[in-house]
Amino acid sequence: PLKKGKLMFPMKLKPTISIEIAGYLNRIIHENTSDYLNNRLKTKILILEMLTFMLENNTFEIPAYINSSGIQREIISYIQQHHTEKITLEMLSKEFHLSEKYLSRYFKVNFAIPFKQYVCHLRLSTAKNLLTSTDLSITDVAMNSGFPSVNLFIRTFKSAFGITPLKKKKKS
């Protein structure tokens with residue numbers, strides 16, 4: 001996907017993500033100091049792990065939006081920037097001067113996922129990253145990820161990942 005231009009690196013990464021990627025890159029460089037077969041295999045594994053980490057943390061930009069209309073780019077950009085805040089179709093419709101009904105249908109047709117589901121996906125991804133990379137409490141993770149309540153966060157997280165946020169935090 002990277003070669004074909006279907007995924008792109010963003011211009012700027014969050015500091016916690018940058019540190020993690022730098023760690024992967026340092027290990028990749030270390031593995032490339034010798035030409036043994038097992039070092040080359042380890043390098044490939046590390047590259048795949050790094051790309052998986054980046055994908056799980058929404059660090060790639062999907063340029064399908066680049067080829068889309070300007071409004072699609074603006075909508076996705078707005079949601080990605082504000083997904084940790086309260087965001088509704090009503091707010092989005094006011095921001096882009098479109099009716100809620102039209103925007104809801106437009107979102108489903110052009111993005112192949114309902115608005116609420118997309119926002120939830122972004123919030124879950126943010127929460128998963130915070131659980132594994134910080135010492136924040138479950139309550140703080142929920143609030144910093146944009147969930148309006150801790151109970152909703154726990155239910156949604158368990159439904160999506162099959163594990164409670166606390167168990168995920170303890171695992172990492």
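Look a little higher up for the structure.
Now for a description of the structure that goes with this document. Every chain is numbered on its own, with residues counted from 1 as its sequence reads. Local features in this predicted model are restricted to residues of pLDDT 70 or higher, and side-chain atom pairs are both shown and tallied only at a pLDDT of 80 or more, whereas totals for entire chains, interfaces and linings draw on every residue. No hydrogens and no water enter the side-chain calculation; it runs on all heavy atoms of the structure.

A few words on the side chain of Thr-156. Relative to the helices and strands, Thr-156 is located in helix α8 (residues 150–161). We call two residues in contact when some of their heavy atoms are within 4.5 Å. Discounting chain neighbours no more than four positions away, the residues touching Thr-156 are Cys-120, Leu-124 and Phe-147. Secondary structure elements are taken from DSSP: a helix is a run of H or I of four residues or more, a strand is a run of E of two residues or more, and numbering for both begins at the N terminus.

Turning our eyes to something else, we now look at the packing of aromatic side chains. Centre-to-centre distance and the angle between the planes together describe a pair of aromatic rings. Centres within 6.5 Å make a pair out of two Phe, Tyr or Trp rings, where for Trp the six-membered ring is used; the pair is then stacked when the planes are under 30 degrees apart, edge-to-face when over 60, and tilted otherwise. Applying the stated criterion to the full structure yields 8 aromatic pairs. Taking the centre distance of 5.9 Å and the plane angle of 45° together, the rings of Tyr-24 and Phe-53 count as tilted. Here Tyr-24, found in helix α1 (residues 15–31), pairs with Phe-53, found in helix α2 (residues 37–56); they are 29 residues apart in sequence, far enough to count as distant. Here Tyr-24 matches Phe-53 in class, with each residue buried. Between Phe-107 and Phe-115, the ring centres sit 5.8 Å apart and the planes meet at 90°, which makes this aromatic pair edge-to-face. Buried residues are those whose accessible area, probed at 1.4 Å on protein chains only, stays under 20% of the maximum for their type, while exposed residues exceed 50% and partly exposed ones sit between those limits. Under the relative-accessibility criterion, Phe-107 is labelled buried at 1%. Take Phe-115: its relative accessible area is 6%, and that puts it in the buried class. Grouping aromatic residues by their ring pairs yields a cluster made of Phe-147, Phe-153, Phe-157 and Phe-161.

What follows covers α8. Taking 1.5 Å as the rise per residue, α8 with 12 residues should run 16 Å; its terminal C-alpha atoms sit 16 Å apart, in good agreement. Inspection of α8 places Phe-153, Thr-156 and Phe-157 among the buried residues, and these make up the whole buried set. Buried residues of α8, viewed axially, fall in a sector of 100°; they line one side. The exposed set on the far side of α8, more than 90 degrees from its buried face, consists of Asn-151, Arg-155 and Ser-159. Buried residues in α8 make contact with α6 (115–133), α7 (138–145) and α9 (165–171). Trailing α8 by a residue or two, Gly-162 shows a phi angle of about 75°, which is positive. The span one expects for a helix is its residue count, reduced by one, times 1.5 Å. The arc in question is the one traced by the directions running from the helix axis out to the C-beta atoms.

Moving on, we get to the environment of Val-150. Residue placement: Val-150 occurs in helix α8. Look at Val-150 and you get partly exposed, because its relative accessible area is 22%. Taking the C-alpha atoms as reference points, Val-150 and Ile-138, 12 residues apart in sequence, are found 7.6 Å from one another. Those residues in contact with Val-150 that sit more than four places away from it in its chain are Ile-138, Thr-139, Ala-142 and Met-143.

Another point: the pattern of salt bridges. Pairing between side chains of opposite charge can happen when their charged atoms approach one another. By salt bridge we mean one thing: a side-chain nitrogen of Lys or Arg within 4 Å of a carboxyl oxygen of Asp or Glu. As enumerated under the stated definition, the model contains 1 salt bridge in all. Note that Lys-94 is salt-bridged to Glu-90, the shortest N-O span being 3.3 Å. Remark: Glu-90 and Lys-94 occur in helix α4 (residues 89–96); sequence separation between them is 4 residues, near one turn of the helix. The exposure class assigned to Lys-94 is exposed, which follows from its relative accessible area of 56%. When its relative accessible area of 40% is taken as the criterion, Glu-90 is described as partly exposed.

Let's shift gears to unusual backbone geometry. Within the chain, His-97 stands out as a residue other than glycine whose phi angle is a positive 55°. Its place among the elements puts His-97 in the loop between α4 and α5 (100–111). Residue His-97 is classed as exposed on the basis of its relative accessible area, which comes to 72%.

Before going further, it helps to examine the packing of helix α3 (residues 70–82) against α5. For the pair α3 and α5, the least separation of the axes is 12 Å and the interaxial angle reads 100°. Here α3 is positioned roughly perpendicular relative to α5, judged by the angle of their axes. Contact residues: α3 offers Ile-71, Gln-72, Ile-75, Ile-76 and Ile-79, while α5 offers Leu-103, Tyr-106, Phe-107, Asn-110 and Phe-111. Three classes are used: nonpolar for Ala, Val, Leu, Ile, Met, Phe, Trp, Tyr, Cys and Pro, charged for Asp, Glu, Lys and Arg, and polar for all others, with Gly counted as polar. The class makeup of the residues in the contact of α3 with α5 is 8 nonpolar, 2 polar and no charged. Under this scheme, a helix contributes an axis fitted over its contacting stretch, all axes are lines through C-alpha atoms, and angles between N-to-C directions fall in the 0 to 180 degree range. Oblique is the label for any angle not under 35 degrees, not over 145, and not in the 65 to 115 range, which are roughly parallel, roughly antiparallel and roughly perpendicular in turn.

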